[in-house]
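So the chains spell out like this:
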Amino acid sequence: MKIVVIQGPNLNMLGVREQNIYGPMKLEQIHAQMKEVATQNSVEIEFFQSNLEGEIVDKVQECYGEAHGIIINAAAYTHTSIAIRDAIAAVNLPTIEVHISNIHRREEFRKENMIAPVCSSSIVGFGPFGYHLAMMGMMQIINEITAAQEAQKAQVQ
Ligand code: DQA
């Protein structure tokens, strides 16, 4: 099982940027915790961060045929990017979006969400722990899909 974690703009500044909203944890620390959970569960995990919309689109596309699921925090592009939304829809992989803050309780413009309608689920407002919840959710979704595929194969035979 392979999961790709895609982090959008300014998330490389976690631990520095607006600590009152995003907390003190650095992106590397979040990724280290996710890696630990992945290793414990024999899951392959890849991390990618970019401040550029096109690079995020490219990464989502690369997941096609390579990954079983995507965990994405598209950060500010969540609210604007039809291109990232279309890429997620195109690859048609289970995708969970994470937001560290509760975007529903913040400025009006953060209520607009281009990404959520093409995702399996959204996890918001749990702080960095949201990434852990996303890992748990993604392993569950992929296991269910695999079990359903195997049951279907067994029926055909
Ligand atoms: C964010 C919320 C976005 O509105 C913001 O632009 C971010 C981070 C979050 O994780 O809470 O950069 O995605």
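Before reading on, note that the structure itself is shown above.
Scope of this entry: the structure provided in the associated data block. (Residues numbered from 1 in each chain as written. Predicted model: local features only at pLDDT ≥ 70, side-chain atom pairs only at ≥ 80, totals over all residues. Heavy atoms only, no water.)

Structurally, glutamate 97 is set in strand 4 (residues 95–99). Despite its burial, glutamate 97 pairs with no opposite charge, the nearest such side chain being arginine 85 at 10 Å. Of note is the side chain of glutamate 97, whose polar atom sits 2.8 Å from the side chain of histidine 99. (Helix = DSSP H or I, 4+ residues; strand = E, 2+ residues; numbered from the N terminus. Buried < 20%, exposed > 50% of the residue type's maximum accessible area, 1.4 Å probe, protein only. Lys, Arg positive; Asp, Glu negative; His and termini not counted. Salt bridge = Lys/Arg side-chain N within 4 Å of Asp/Glu carboxyl O. Polar contact = N/O pair within 3.5 Å; in protein donor to acceptor, adjacent residues only side chain to side chain.)

So, about the packing of helix 3 (residues 53–62) against helix 4 (residues 82–91). Where helix 3 meets helix 4, the axes come as close as 9 Å, and the angle between the chain directions of the two elements is 5°. Taken together, helix 3 and helix 4 sit at an angle that is classed as roughly parallel. Contacts between helix 3 and helix 4 pair Glu53, Ile56, Val57, Val60 and Gln61 from the former with Ala83, Ile84, Ala87, Ile88 and Val91 from the latter. Considering only residue class, the contact of helix 3 with helix 4 consists of 8 nonpolar, 1 polar and 1 charged. (Axes fitted to C-alpha atoms, helices over the stretch in contact; angles between N-to-C directions. Parallel < 35°, antiparallel > 145°, perpendicular 65-115°, else oblique. Contact = heavy atoms within 4.5 Å. Nonpolar A, V, L, I, M, F, W, Y, C, P; charged D, E, K, R; others polar.)

A few words now on the sheet that holds strand 1 (residues 2–7). The sheet built from 5 strands is open, its strands ordered 2-1-3-4-5 with parallel pairing. Two strands bound the open sheet, and with one partner strand each, they are strand 2 (44–49) and strand 5 (121–124). Adjacent strand axes in the sheet meet at a mean angle of 20°, parallel and antiparallel pairs treated alike. Here helix 2 (residues 27–40) sits on the sheet and contacts strand 1, strand 2 and strand 3 (69–73); the angle it forms with strand 2, its principal contact strand, is near 165°. (Pairing = 2+ DSSP bridges.)

Around the ligand, the neighbouring residues are Arg17, Tyr22, Asn73, Ala75, Ala76, His79, His99, Ile100, Ser101, Ile103 and Arg110. Between an oxygen atom of the ligand and a main-chain N or O atom of isoleucine 100, the distance comes to 2.7 Å. Within the contact set of the ligand, an oxygen atom lies 2.6 Å away from a side-chain nitrogen or oxygen of serine 101. Considered on its own, the ligand offers 320 Å² of accessible surface; in the complex 98% of this is hidden by protein. By residue class, the composition of the shell around the ligand is 5 nonpolar, 4 polar and 2 charged. (Near = heavy atom within 4 Å. Areas by Shrake-Rupley, 256 points an atom, 1.4 Å probe, with all protein chains shown as cover.)

Of all 6 residues in strand 1, 6 are buried; the element is thus mostly enclosed. What you see with strand 1 is no split at all: Lys2, Val4 and Ile6 on one side and Ile3, Val5 and Gln7 on the other are buried throughout. Judged from the 6 bridges that link them, strand 1 and strand 2 form a sheet pairing that is parallel. Across the sheet, lysine 2 pairs through a bridge with glutamate 44, a residue of strand 2. Pairing analysis gives 5 bridges linking strand 1 to strand 3, with the strands arranged parallel. By the bridge assignment for strand 3, valine 5 is matched with isoleucine 71.

Despite not being glycine, glutamate 18 shows a phi value in the positive range, around 25°. On the accessibility criterion, glutamate 18 (41% relative accessible area) is partly exposed. Phi is positive for serine 42, which is not a glycine, with a value near 55°. Looking at the element boundaries, serine 42 is found in the loop between helix 2 and strand 2. Classification of serine 42 as exposed rests on a relative accessible area of 65%.

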